[in-house]
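Examination of the molecular architecture
Listed here are the chains, written in short residue letters.
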Amino acid sequence: MSLLKVRDLSVAARGRNLVDSVSFTLDAGERLGIIGESGSGKSLTATAIIGLLPPGLSATGSVLLDGHEVIGAREGELTALRGAVAATVFQDPLTALDPLMRVGRQIGEVWERTERRAGRPHGKGDTRAAVFSLMDEVSLPEPERIAGAFPHEISGGQRQRVAIAMALACRPKLLIADEPTTALDVTTQKETLALLARLVADHGMTLLFISHDLPVVAGIVDRVVVMRTGVVVEEGPVRQVFATPTHAYTRELLVAAERFDRALGAA
Amino acid sequence: MTAVVASAPRRGASWTWRIGLALVGLHVVVGLLTLVWTPYDPGAMTGGRLSPPSLAHWAGTDRLGRDVLTEVMIGSRIALQVGIGAVSIGAAIGITIGIIAAFATRWRDDALAATLDILIAFPTLLIAMLVVAASEQASLGTAILALGIALSAVVARLTRILAKRVIQTDYVTAARVSGSSWLAIVREHVLPNIWPTLSVNLALQFGLAVIAEASLSYLGLGAPPPNASWGRLLQEAQGTVYSAPFGAIVPGLALVSLTIGVNLFADGLRDLADPLRRGRG
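Keep in mind the model is a prediction, meaning the values are calculated, not measured. Each chain carries its own residue numbering, running from 1 in the direction its sequence is written. Naming scheme: in the order in which they are written, chains are lettered from A and ligands are numbered from 1. Local features are withheld for residues below a pLDDT of 70 in this predicted model, meaning they are given only at 70 or higher, and side-chain atom pairs are given and counted only at 80 or more; totals for whole chains, interfaces and linings count all residues. Values shown for side chains rest on all heavy atoms present in the structure; no hydrogens or waters enter the calculation.

**Looking at the nonpolar core**
Residue and element names in this part refer to chain B. Here, nonpolar core refers to any group of buried Ala, Val, Leu, Ile, Met, Phe, Trp, Tyr and Cys residues whose side-chain atoms link them within 4.5 Å. With a 1.4 Å probe rolled over the protein chains alone, any residue whose accessible area is under 20% of its type maximum counts as buried; one over 50% counts as exposed, and the rest are partly exposed. If you look at the biggest cluster of nonpolar residues, it comprises 54 residues, and the most contacted ones within it are Val190 and Trp230. The set of elements that each furnish at least two residues to this core consists of α3 (68-103), α5 (124-134), α6 (140-167), α7 (170-177), α8 (182-218), α9 (230-237) and α10 (246-273). Working rule for contacts: check all heavy atoms of both residues, and any pair within 4.5 Å makes them a contact. Filtering out sequence-adjacent residues up to four positions away, Val190 remains in contact with Ile99, Phe103, Ala163, Val166, Ile167 and Ile185. We count a stretch as a helix when DSSP gives it H or I for four or more residues in a row; a strand needs E for two or more, and each element gets its number in order from the N terminus.

Right, here's the structure in full:
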């Protein structure tokens, strides 16, 4: 059974379609990338999938998340669904963390919520142990110090690891990563990608990876959906799409990426 | 584990904050003291009328021969009661409405925001006077309730704006994705994040409430005798301000020192409540 089935999804603002009739499916355990330039509607698509469109935007069509219809569902049903099925890692790890809460507690809150929902009793010591083990899983050093620090006291890469640990604490079936490496420097980017790939494999999670960066996407997903101005222009296995792009826009993206690589190589 | 925070310089302990704390602390100590001891019995005629400051009466006596210092000291307690009471009521009503508006659907939020803007357009004192007028008789409780209601609109508007900003952040979205209920989001993220700004505002409202109560009492709408509100003392001393200035100067100084103290204290409070500022020094 497919974990996520998107059919004819459109997102409109004031009568204009920002996302237009997007359809794709994502099977359990699969890793799908949505690529496109900014404004292509890739992030809006991801937001609509979890029913979190900002006010003023409305979605039509159908999104079946783990068998439940998201479009038109009440907020209460969505709250239950979201926690159990999907978790998100955002682009900017600084704004993704509460600036006034120590990071250990932020991870702990999510873990405790997940335990409560599953109906498992837990004590203070359990939370502490769980937080340290989650931090260990995302390779955060010095757990004692970092757990007690505020987000502005740790590095960008560490913040993103904290955000990933929080997503992981939900034990989601579907992990949505919305440009998770864009705000990081190149070295940290590589480490974070490797970490995501390892965690997705270890936990058998399904991955929806959103990015504008072709090489980044190519390294982590099996299949890609290419979006431009709100429509899907190409879809297929990552090797096939990159080896024999059928749409002019995909070719443009590839050429741009190659040129960029050469420029880097020459430098 | 908290080494990073602890080693950062604490801007909160600035000298202005210390002065504020000292002034507020003085009024708190005096206010508590009046519960068990005052120089003379409140309301008792203890000396000659309108006598100037002397060893027996440090701030002189009023036109009925009552000790001014005793009355002003009791005024401290009344002012603190009014400030704490009005701000608590204003905060309870205002924060609730503000949070509801921030989470409400668009048109309900617009309706609430418009209502608040209309309420804020009325002077605080006017709203408080209307509430007092609508009640059976003037009492300290009525004055506190009236000021609390009058302050709540300002608190609600500020809360709404601050909460909206927090709700739009990625960490709240992340919490929603991970299945937090809106109540949990309010408790864990919204309130802690709006508190540094809100608490400073509430402290300022405390000062405004004290002044507003003095104004109400001056107009005869505040706490009735024997509650020695500074406003009533000022009003009573008005007729004799040239012959016996101390009857007006001392309650006036008391009022000014408490409001200035509260304002200075509010500035320090902001730095203490916000770890980001605390860390940057």
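Next comes the rest of the account.
**Re the packing of aromatic side chains**
Residue and element names in this part refer to chain B. Stacked, tilted and edge-to-face pairs are distinguished by plane angle, under 30 degrees for stacked and over 60 for edge-to-face with tilted covering the rest, among Phe, Tyr and Trp rings (Trp via its six-membered ring) whose centres lie within 6.5 Å. Summed over all chains, the structure comprises two aromatic pairs over all chains. Ring centres of Trp17 and Phe265 lie 6.2 Å apart, and the angle between their planes is 20 degrees; this geometry places the pair in the stacked category. Here Trp17 is found in helix α2 (residues 15-36), whereas its partner Phe265 is found in helix α10, with 248 residues between them in sequence. The buried category is assigned to Trp17, whose relative accessible area is 15%. For the ring pair Phe103 and Trp182, a centre distance of 5.2 Å and an interplane angle of 45 degrees mean the geometry is tilted. Residue Phe103 is located in helix α3, and its partner Trp182 is located in helix α8; the two are separated by 79 residues in the primary sequence.

**Brief notes about the pairing of strand β3 (residues 31-35) of chain A**
All names here are of chain A. With four of five residues buried, β3 lies mostly within the body of the structure. At least two DSSP bridges between two strands are required for those strands to pair. Here β3 pairs with strand β8 (residues 206-211) via five bridges, running parallel. Bridged to Ile35 within β8 is Ser211. As paired strands, β3 and strand β9 (residues 223-228) are joined by four bridges and run parallel to one another. By the bridge assignment, Gly33 is partnered in β9 with Val224.

**Some thoughts on the sheet that holds strand β4 (residues 57-65) of chain A**
Strand pairing within a sheet occurs via backbone hydrogen bonds; the two strands may be parallel or antiparallel. Residue and element names in this part refer to chain A. Read from one edge of the open sheet, four strands run β2-β1-β4-β5, paired in antiparallel fashion. The open sheet has two free edges, formed respectively by β2 (16-27) and β5 (68-69), since each of these has just one partner strand. Bridging between β4 and β5 involves two bridges; their strand directions are antiparallel. Paired with Leu64 across the two strands is Glu69, which belongs to β5.

**Points about the UniProt feature "transmembrane region" (unreviewed entry) in chain B**
UniProt positions are given in the numbering used here, feature names are shortened, and annotations may be inferred rather than shown by experiment. Look at the UniProt record and you will see "transmembrane region" (unreviewed entry) annotated at residues 19-40, 78-104, 111-134, 140-158, 202-221 and 241-266 of chain B. Span residues 241-266 of chain B is 81% helix and 0% strand, its end C-alpha atoms 33 Å apart.

**Comments concerning the sheet that holds β3(A)**
Residue and element names in this part refer to chain A. With mixed pairing, the six strands of this open sheet are ordered in space as β6-β7-β8-β3-β9-β10. A single partner strand is all that each edge strand has here, and the edge strands are β6 (86-89) and β10 (231-237). Each strand of the sheet is rotated relative to its neighbour by a mean of 15 degrees, with strand direction disregarded. Alignment of strand β7 (residues 174-178) against β8, held across five bridges, turns out to be parallel. Opposite Leu175, over in β8, you have Leu207 as the bridge partner. Lying on the sheet, helix α6 (residues 156-169) is in contact with β6 and β7; it crosses β6 at an angle near 175 degrees. Interaxial angles span 0 to 180 degrees and are taken between N-to-C directions of axes, which are lines fitted to C-alpha atoms, for helices over the stretch in contact.

**A short note on a nonpolar patch on the surface**
Residue and element names in this part refer to chain B. Like-charged residues within 9 Å of one another, or nonpolar side chains (Val, Leu, Ile, Met, Phe, Trp, Tyr) within 5 Å, are grouped into patches, provided each residue has over 30% relative accessible area and no salt bridge. Values of accessible area rely on a 1.4 Å probe in the Shrake-Rupley scheme; residue burial ignores everything except the protein chains shown. What counts as a salt bridge is simple: a side-chain nitrogen of Lys or Arg found within 4 Å of a carboxyl oxygen of Asp or Glu. Taken together, the side chains of Val28, Leu32, Leu33, Leu35, Val36 and Trp37 present a nonpolar region at the surface, about 610 Å² in accessible area. Within the secondary structure, Val36 sits in helix α2. Judged by its relative accessible area of 70%, Val36 is exposed.

**Remarks on unusual backbone geometry**
Residue and element names in this part refer to chain A. In this structure, Arg171 is a non-glycine residue whose phi angle is positive, near 45 degrees. Examined against the element boundaries, Arg171 turns out to sit in the loop between α6 and β7. A relative accessible area of 46% places Arg171 in the partly exposed class. Phi is positive for Glu179, which is not a glycine, with a value near 50 degrees. The exposure class of Glu179 is buried, given its relative accessible area of 7%.

**Regarding the interface of chain B and chain A**
Bring the parts together and some accessible area is lost; that lost area is often taken as the interface size. With 26 residues of chain B at the interface, the matching set in chain A holds 31 residues. Two parts placed together each lose some accessible area under a 1.4 Å probe, and adding up what both lose gives the buried area. Carbon and sulfur atoms make up 61% of the area that chain B and chain A hide from each other, which totals about 2500 Å². Across the contact surface, chain B and chain A share two salt bridges. Linking A:Glu75 and B:Arg176 is a salt bridge whose minimum nitrogen-to-oxygen distance equals 3.5 Å. Between N or O atoms, a polar contact is any pair within 3.5 Å; within protein, one atom must be a potential hydrogen donor and the other a potential acceptor, and residues adjacent in sequence are included only when both atoms are from side chains. In this assembly, chain B and chain A are joined by six residue pairs in polar contact (both at pLDDT 80 or more). The set of elements that each furnish at least two residues to the side of chain B that touches chain A consists of α1 (3-7), α7, α8 and α11 (275-280) of chain B. Per-element tally for the side of chain B that touches chain A: the top contributor is α7(B), with seven residues. All residues other than Ala, Val, Leu, Ile, Met, Phe, Trp, Tyr, Cys, Pro, Asp, Glu, Lys and Arg, Gly among them, are scored as polar; the first ten of these are nonpolar and the last four charged. For the side of chain B that touches chain A, a count of residues per class yields eleven nonpolar, nine polar and six charged.

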